[in-house]
There are 2 protein chains.
Amino acid sequence: METNHMDCRASIGVFDSGVGGLTVAREIMRNLPKEHIVYFGDTARVPYGSKSKVTIVRYARQIIHFLRTQDVKAIVIACNTASALALDEVEKELDIPIIGVIRPGARVAVSATRNRRIGVIGTESTINSHMYQKLIYEEDPAITVYEKACPLFCPLVEEGWLKDSVTKEVARRYLDELLEKDIDSLILGCTHYPLLRSLIREIVGEKITLVNPAYETAKELGELLKREGLENPDEPADPPATEPYRFFVSDMAEKFGHFANSILPYDIETIQKINIEEY
Amino acid sequence: METNHMDCRASIGVFDSGVGGLTVAREIMRNLPKEHIVYFGDTARVPYGSKSKVTIVRYARQIIHFLRTQDVKAIVIACNTASALALDEVEKELDIPIIGVIRPGARVAVSATRNRRIGVIGTESTINSHMYQKLIYEEDPAITVYEKACPLFCPLVEEGWLKDSVTKEVARRYLDELLEKDIDSLILGCTHYPLLRSLIREIVGEKITLVNPAYETAKELGELLKREGLENPDEPADPPATEPYRFFVSDMAEKFGHFANSILPYDIETIQKINIEEY
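Source: prediction; values computed, not measured.

(A) Geometry of the overall build of chain A. Tallying secondary structure elements over chain A gives 11 helices and 10 strands in all. Taking 2.2 N^0.38 as the reference for a compact globule, 279 residues should give roughly 19 Å; the C-alpha atoms of chain A span a radius of gyration of 18 Å, in line with that estimate. For the C-alpha atoms alone, the extent of chain A along its principal axes is close to 50 × 40 × 40 Å. Out of the 279 residues belonging to chain A, those deemed buried represent 60%. Considering only contacts within chain A whose residues lie at least 6 apart along the sequence, 77% involve residues at least 24 apart. Of the roughly 11,700 Å² of accessible surface on chain A, 47% is carried by carbon and sulfur atoms. The centroid of the 33 positive side-chain charges in chain A is displaced by 4 Å from the centroid of its 43 negative side-chain charges.

(B) View of the pattern of salt bridges. All names here are of chain A. Within the structure shown, the criterion is met by 42 salt bridges over all chains. For K34, the salt bridge identified is with E235, shortest N-O distance 3.3 Å. Taken together, the positions of K34 in the loop between α1 (22-31) and β2 (37-41) and E235 in the loop between α10 (213-227) and β9 (245-249) put the pair 201 residues apart, joining distant regions of the chain. Among the salt bridges present, the one from R172 reaches E169, with a minimum N-O distance of 3.4 Å. Here the residue R172 and the residue E169 both occupy positions in helix α8 (residues 165-179), the gap between them amounting to 3 residues, near one helical turn.

(C) Structural detail: the packing of helix α2 (residues 53-69) of chain A against helix α3 (residues 80-91) of chain A. Residues and elements named next belong to chain A. At a minimum axis separation of 9 Å, α2 and α3 run at an interaxial angle of 65°. Of the possible angle classes, the one that applies to α2 and α3 is roughly perpendicular. With respect to the hand of their crossing, α2 and α3 are arranged in right-handed fashion. On the side of α2, the interface is formed by K53, I56, V57, A60, R61 and I64, while α3 contributes A82, L85, A86, E89 and V90. When grouped by side-chain class, the residues that make up the contact of α2 with α3 number 8 nonpolar, no polar and 3 charged.

(D) Representation of the interface of chain A and chain B within the structure. At the interface, 34 residues of chain A touch 34 residues of chain B. Carbon and sulfur atoms make up 49% of the surface buried where chain A meets chain B, a total of about 2,600 Å² over both sides. Per-residue buried area on chain A facing chain B is highest for A:L152, A:R173 and A:E277; these three make up 21% of the total on that side. Counting across the chain A and chain B interface gives 6 salt bridges. Of the charged contacts, one joins B:E277 and A:R45 as a salt bridge, the two residues approaching to 2.7 Å between their closest N and O atoms. The tally of links between chain A and chain B comes to 21 residue pairs in polar contact (both at pLDDT 80 or more). When contributions to the side of chain A that touches chain B are tallied by element, the ones reaching two or more residues are α2, α7 (153-158) and α8 of chain A. In terms of residue count, α8(A) provides more of the side of chain A that touches chain B than any other element does, 6 residues in total.

(E) Fine view of α10(A). The terminal C-alpha atoms of α10(A) lie 21 Å apart, and with 15 residues this matches the ideal 21 Å at 1.5 Å per residue to within 8%. Taken from the residues just after α10(A), A:G229 is the one with a positive phi, measuring 65°.

(F) A look at the relation of the copies chain A and chain B. Each copy of the sequence occupies a distinct position, and chain A is placed on chain B by a rotation of 180° and an axial shift of 0.0 Å, giving an RMSD of 0.0 Å. Seen this way, the second copy is the image of the first under a two-fold rotation axis. Residue A:R45, judged by its C-alpha, is the member of chain A lying nearest the rotation axis, at 2.4 Å.

(G) Layout of the pairing of strand β9 (residues 245-249) of chain B. Residues and elements named next belong to chain B. Within β9, 4 of the 5 residues are buried, which leaves it mostly tucked inside the rest of the structure. Summarising the sheet, strand β2 (residues 37-41) and β9 pair through 5 bridges and their orientation is parallel. By the bridge assignment for β9, V38 is matched with R246. In this fold, the crossover linking β9 to strand β10 (residues 271-273) by way of helix α11 (residues 253-263) has right-handed handedness.

(H) Inspection of the state of the cysteines at higher detail. Residues and elements named next belong to chain A. Within the structure shown, the criterion is met by 0 disulfides over all chains. C154 takes part in no disulfide bond, and the closest cysteine sulfur, belonging to C190, lies 3.6 Å away. Assessed through its relative accessible area of 15%, C154 is described here as buried.

(I) Inspection of the sheet that holds strand β5 (residues 117-122) of chain B at higher detail. Residues and elements named next belong to chain B. If you walk across this open sheet you meet the 4 strands as β6-β5-β7-β8, and the pairing is parallel. At either margin of the open sheet sits one strand with a lone partner, and together these are β6 (144-149) and β8 (209-211). Taking each pair of neighbouring strands and ignoring which way they run, the sheet shows an average axis angle of 20°. Summarising the sheet, β5 and strand β7 (residues 185-189) pair through 5 bridges and their orientation is parallel.

(J) Region of the structure containing the sheet that holds strand β8 (residues 209-211) of chain A. Residues and elements named next belong to chain A. In space, the 4 strands of this open sheet follow the order β6-β5-β7-β8, with parallel pairing throughout. Only two strands of the sheet have a single partner each, and these edge strands are β6 (144-149) and β8. Here the average twist between neighbouring strands, direction ignored, is 20°. Sheet topology places strand β7 (residues 185-188) next to β8; 3 bridges connect them, and they run parallel. Looking at β8, one finds that L186 is bridged to L210. Docked against the sheet, helix α4 (residues 102-112) engages β5 (117-122), β7 and β8, running at close to 165° with respect to β7.

(K) Here's a closer look at the nonpolar core. If you look at the biggest cluster of nonpolar residues, it comprises 54 residues, and the most contacted ones within it are A:L186 and B:L186. Counting residues per element, the ones that place at least two in this core are α7, α8, β7 and α9 (197-204) of chain A together with α7 (153-158), α8 (165-179), β7 and α9 (197-204) of chain B. Not counting the four nearest positions on each side in its chain, A:L186 is found in contact with A:G119, A:V120, A:I121, A:L175, A:L178, A:I200, A:V204, A:I208, A:T209, A:L210 and A:V211. In terms of nonpolar packing, the next biggest core, distinct from the first, is built from 45 residues, A:F15, A:A106, A:V120 and A:I274 among them.

Reading guide: rules and limits
Residues numbered from 1 in each chain as written. Chains lettered and ligands numbered in written order. Predicted model: local features only at pLDDT ≥ 70, side-chain atom pairs only at ≥ 80, totals over all residues. Heavy atoms only, no water. Helix = DSSP H or I, 4+ residues; strand = E, 2+ residues; numbered from the N terminus. Rg over C-alpha atoms; globule rule 2.2 N^0.38 Å. Buried < 20%, exposed > 50% of the residue type's maximum accessible area, 1.4 Å probe, protein only. Contact = heavy atoms within 4.5 Å. Areas by Shrake-Rupley, 256 points an atom, 1.4 Å probe, with all protein chains shown as cover. Lys, Arg positive; Asp, Glu negative; His and termini not counted. Charge placed at Lys NZ, Arg CZ, Asp CG, Glu CD. Salt bridge = Lys/Arg side-chain N within 4 Å of Asp/Glu carboxyl O. Axes fitted to C-alpha atoms, helices over the stretch in contact; angles between N-to-C directions. Parallel < 35°, antiparallel > 145°, perpendicular 65-115°, else oblique. Left-handed = near helix turned anticlockwise from the far one by under 90°. Nonpolar A, V, L, I, M, F, W, Y, C, P; charged D, E, K, R; others polar. Buried area = accessible area lost by both parts, 1.4 Å probe. Polar contact = N/O pair within 3.5 Å; in protein donor to acceptor, adjacent residues only side chain to side chain. Expected span 1.5 Å × (residues − 1). Least-squares fit on C-alpha atoms with pLDDT ≥ 70 in both. Pairing = 2+ DSSP bridges. Right-handed = clockwise from strand over helix to strand, strands pointing away. Disulfide = S-S within 2.5 Å. Core = buried A, V, L, I, M, F, W, Y, C linked by side-chain atoms within 4.5 Å.

In short, the description is geometric, and any link to function would need to be established separately.
Here is the structure:
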């Protein structure tokens, strides 16, 4: 891996199928305040969770190609589905570091569980890939992993029904079979799901640890930058000399902006729309 | 429009964002049994209902470009969102006839209503386009149109919860405000919604006419072919000499096949996957 000539003042590229990855970007902002971010949300082709590996790998390659035009020093796949389906393929092709959200999420669940019974919820494609299961077994083969796809959670979050009785009934159906397995930890394996955290908490009770891979991903990114000598040495200027966070989408920039401003600790001023199919 | 040299034995191109347009293809099969069909479902970029006009027009152009490589004599946009957002743009660029599902649906609703109060349900993008409203006013300006986006209906249909209590509660919330307006006709303005017909019927009661644009679209296609001298003169062979119905998707061919076989009156044998971004 050639990183000698990489400018440590370059940005971190972060991408997702849409808005969900902003929960990961937010953790990077909080935990690595010196780092600049270029975020891309693939709002023209969202959702990824019901699509195939071949398609998601092609989308990830196009997005990485775009992010490289923005001079990034490392890339975070802030989408569980793309991490599960595309990370293995695209990291072979890259000469800068790239991480996903699955391994960090798996690690924190492994350290959280006491009874070695972990539940994972995610999109259909993430669950069908069994990537959480695989990475958890690599850490500790004595753990049993129970997986459940929850395809209605993303549309319910996007409809804004975060604390609704309908959402609660849907959650109860999805989660009941995991609860019967006596899990003590539950990985929120889609970036939309932390927005349902309080509703999920009501259903699973206080004894189950809810694992949000976003925080752990930011931490792993920090360790990676340190190890590779890629940390940005500059203190964040106040006010900043240049915009430290830049946002790109493939469609619906305005709607993205509304959602982003409800998640991020500050208001985004500009969001650029690009044609991702050209990359 | 040059159609003189067009081969009337060529196929009808039918496209949709995914599987929903099969309900339109089914009506064409039933009502125009001599016609051959090339169907394309854009399963790699589904759903269209939350995306912008610019994006949907670009997708429609690519798909039409692909369908032309399959030698089609006419095109049906079997997707309400693409009909609402892209038909006006793409029909200017074409030298073969193209129709959508909105105008046929609007016409049948206009002839069905007695009290001149029509409800329309559809995706966010279809409803925001106000295309049903516009075309109904063109037919009869004395009609009042009440519109309501139902973004959770498609994911609920795709989850297979067609007669579920959750779906019924969601439908009640979406439909209540239309029922308060004393509508006597309701357009099912998304190709997924006819699959919820019996559940919607339970909520709206027996007095409201449910309008499914699929049947009327097949009828309008038949009239168009006749007018343009494009009807296929051959009787359907039994067994057919060549496959009369051909299916293409941009992703998830196997899943598409399962769904198709549950909707169509016969089992599909082959579904080809293509990279639509190359067109």
